[in-house]
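Observations on the model geometry
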Amino acid sequence: MFATGWGEPVHPDTLSSLFPILIKRYNEAYPDRPLPHARLHDLRHIHATTLLLAGVPVHVVAARLGHADPSITLRVYAHVIRAAEASAADVFAQAMGEYRPCC
């Protein structure tokens, strides 16, 4: 949550409308490393995706996003979770390939 200088909450539309302006000003100041076009809401998706790919449990990500039920998170980020599952399968397959029975 963001607050004004006098402590009142900033309306979400205000932040959303300022976000492209901030990106544009940044890109003007640093043309050698520009930021891509993005909406403020995209930061929420980046946050959730990064956490899920790092292996943070879905219920923890759901709580951070304010989802009442992890099933919401599972529905929205199913593609990320499937990618992580494929990666886990690769890790397991590699571990099994390296397995040597002791006897």
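As a convention, each chain's residues are numbered from 1 in the sequence order in which they are written. Per-residue local features of the predicted model are confined to residues with pLDDT of at least 70, and side-chain atom pairs are confined, for both listing and counting, to 80 or more; whole-chain, interface and lining totals are unaffected and use all residues. Water and hydrogen atoms were dropped before computing side-chain values, which therefore reflect all heavy atoms in the structure.

Time to look at the overall build of the protein. Each helix is a run of DSSP H or I of at least 4 residues and each strand a run of E of at least 2, with the numbering of both proceeding from the N terminus. In terms of helices and strands, the protein carries 5 helices and 0 strands. Counting from the amino terminus, the protein carries its helices and strands in the arrangement α-α-α-α-α. Computation of the radius of gyration draws on C-alpha atoms alone. For the globule rule, the value is 2.2 Å times the number of residues to the power 0.38. By the compact-globule yardstick of 13 Å for 103 residues, the protein is too spread out, its C-alpha radius of gyration being 20 Å. Overall, the protein is about 70 × 40 × 20 Å in size when its C-alpha atoms are taken along their principal axes. The rule is simple: take the accessible area with a 1.4 Å probe, protein chains only, and divide by the maximum for that residue type; under 20% is buried, over 50% is exposed, in between is partly exposed. The burial tally for the protein puts 15% of its 103 residues in the buried class. Considering only contacts within the protein whose residues lie at least 6 apart along the sequence, 25% involve residues at least 24 apart. Within the protein, one finds 9 positive and 9 negative side-chain charges whose respective centroids are separated by 1 Å. Contacts are assigned to residue pairs with any non-hydrogen atoms lying within 4.5 Å of each other. Only four residue types enter the tally: Lys and Arg on the positive side, Asp and Glu on the negative side; His and the chain ends are excluded. For this purpose, a charge sits on NZ of Lys, CZ of Arg, CG of Asp or CD of Glu.

Helical geometry note: an α-helix holds 3.6 residues per turn, so side chains three or four residues apart project in the same direction. Multiply 1.5 Å by the residue count of a helix minus one, and that product is the helix's expected span. With 18 residues, helix α1 (residues 12-29) should reach 26 Å at 1.5 Å per residue; the first-to-last C-alpha distance of 26 Å fits that figure. Taking the largest bend as the criterion, α1 deviates by roughly 25°, centred on L18, and proline P20 comes between one and four positions later. Here the bend at a residue means the angle between the axes of two seven-residue stretches, the one that ends at it and the one that starts at it.

Turning to the side chain of H67, a few remarks are in order. Summarising the element assignment, H67 is placed in the loop between α3 (58-65) and α4 (70-76). When neighbours within four sequence positions are excluded, H67 is seen to be in contact with R44, A62, I72 and T73.

The subject of this paragraph is the environment of A88. Among the structural elements, A88 can be located in helix α5 (residues 78-97). A C-alpha to C-alpha distance of 37 Å links A88 and P20, two positions 68 residues apart in sequence.

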